[in-house]
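The primary structure of each chain is shown beneath.
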Amino acid sequence: MVAMSELDPAPVLAALGSNPQLRVFVGGSRIATMPTRKSRRRLLLDVIAQAFEPGVRYPERRVSQFLGAIHPDYAALRRYLVDEQFLSRANGEYWRSGGTVLPDRTVLPDTDG
């Protein structure tokens, strides 16, 4: 079983705030409004989905707490993530099933000898 990755809203909000196309949707320390244009909404959801570690299953309560720190209507945000296929769900668990996967920054040892 994979260890639970910590969901931290701070990097997500920082990434949204630094993106010229998305910062207009951030107010205070949360997403104030969801984009109505599907292309921008998908871009915003992709940034959020990157907080979820591929291969890790998260309990619904933890997902709701994390999303609630990002947007007041966490249930709608969770639904968007599932409907747009960034997250999948079953049996009260959620896992990442889409979106951009950033390259792993860990350096592997040289095995050439």
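A brief look at the structure comes next. (Residues numbered from 1 in each chain as written. Predicted model: local features only at pLDDT ≥ 70, side-chain atom pairs only at ≥ 80, totals over all residues. Heavy atoms only, no water.)

1. Here we look at the side chain of Arg-78
Then comes step 1: Note that Arg-78 resides in helix α4 (residues 74-83).
Then comes step 2: Apart from the residues lying within four places of it in its own chain, the contact partners of Arg-78 are Glu-60, Val-63, Ser-64, Leu-67 and Tyr-94. (Helix = DSSP H or I, 4+ residues; strand = E, 2+ residues; numbered from the N terminus. Contact = heavy atoms within 4.5 Å.)

2. Quick look at the packing of aromatic side chains
Then comes step 1: The tally for this structure, following the rule as stated, stands at two aromatic pairs.
Then comes step 2: Summarising the aromatic geometry, the rings of Phe-52 and Tyr-58 are spaced 5.2 Å apart at their centres and angled 90 degrees between planes, so their arrangement reads as edge-to-face. Side by side, Phe-52 and Tyr-58 carry an identical accessibility label, which is buried.
Then comes step 3: Pairing Phe-52 with Phe-66 gives two aromatic rings, centres 5.5 Å apart and planes at 90 degrees, and the pair type is edge-to-face. One end of the pair, Phe-52, is in the loop between α2 (38-49) and β3 (57-59); the other, Phe-66, is in helix α3 (residues 60-70), and 14 residues separate them in sequence. (Phe/Tyr/Trp six-rings, centres within 6.5 Å; stacked < 30°, edge-to-face > 60°. Buried < 20%, exposed > 50% of the residue type's maximum accessible area, 1.4 Å probe, protein only.)

3. Digging into the pattern of salt bridges
Then comes step 1: Applying the stated criterion across every chain, the model contains five salt bridges.
Then comes step 2: Residue Arg-62 pairs with Glu-6 through a salt bridge whose shortest N-O separation is 3.0 Å. Taken together, the residues Arg-62 in helix α3 and Glu-6 in the segment before α1 (9-18) connect sequence positions 56 residues apart.
Then comes step 3: In this structure Arg-62 comes out as partly exposed when scored by relative accessible area, which is 21%. (Salt bridge = Lys/Arg side-chain N within 4 Å of Asp/Glu carboxyl O.)

4. Thoughts on α1
Then comes step 1: Among all positions in α1, only Pro-9, Val-12, Leu-13 and Leu-16 are buried. In a view along the axis of α1, the buried residues occupy a sector of 95 degrees, so they form one face of it.
Then comes step 2: Lining the buried residues of α1 we find β1 (26-27), β2 (30-31), α2 and α3. (Arc of directions from axis to C-beta.)

5. Some thoughts on the pairing of strand β5 (residues 93-96)
Then comes step 1: Of the two faces of β5, only the one carrying Tyr-94 and Arg-96 is buried; Glu-93 and Trp-95 on the other face are not.
Then comes step 2: Taken together, the three bridges between β3 and β5 define a ladder with antiparallel strand orientation. Among the inter-strand pairings, Arg-57 is bridged to a residue of β5, identified as Trp-95.
Then comes step 3: Pairing of strand β4 (residues 87-90) with β5, which is carried by four bridges, proceeds in the antiparallel orientation. Opposite Ser-88, over in β5, you have Trp-95 as the bridge partner. (Pairing = 2+ DSSP bridges.)

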